[in-house]
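Results of the structural survey
Spelled out, the chains give:
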Amino acid sequence: MKVIKWLDEHFEEFILVIFLILISCVTLAQIVARNTPIIPTIPWAEELCRFLWIGTVFLSLPYTI
């Protein structure tokens, strides 16, 4: 019951934190892959980060209003 109450109060913040961690990790992995000749680049990294940023913007709109 406490988990459901916590999710009810903090669901948006939890998802925003997950999105920002994913953006950071994918961007860092793409930078490392781009600068290392052994590791191939990640072709979907830019699109994933773009969609995560869009999701972050839409989830943070209630806080700005």
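Residues numbered from 1 in each chain as written. Predicted model: local features only at pLDDT ≥ 70, side-chain atom pairs only at ≥ 80, totals over all residues. Heavy atoms only, no water.

Regarding the side chain of T56
Tracing the chain through its elements places T56 in helix α2 (residues 45-64). The buried category is assigned to T56, whose relative accessible area is 9%. Other than its neighbours up to four places away in sequence, T56 contacts L16, F19, L20 and I23. (Helix = DSSP H or I, 4+ residues; strand = E, 2+ residues; numbered from the N terminus. Buried < 20%, exposed > 50% of the residue type's maximum accessible area, 1.4 Å probe, protein only. Contact = heavy atoms within 4.5 Å.)

Focus on α2
Taking 1.5 Å of rise per residue, the 20 residues of α2 would be expected to cover 28 Å, and the 28 Å separating its terminal C-alpha atoms lies within 8% of that figure. Those residues of α2 that fall on the buried side of the exposure criterion are A45, C49, L52, G55 and T56. At its buried positions, α2 is contacted by α1 (2-35). (Expected span 1.5 Å × (residues − 1).)

Let's talk about the pattern of salt bridges
In this structure the tally under the stated criterion is one salt bridge. Across the salt bridge formed by E46 and R50, the nearest N and O atoms sit 2.9 Å from each other. In this pair, E46 and R50 both sit in helix α2, four residues apart, roughly one turn of the helix. (Salt bridge = Lys/Arg side-chain N within 4 Å of Asp/Glu carboxyl O.)

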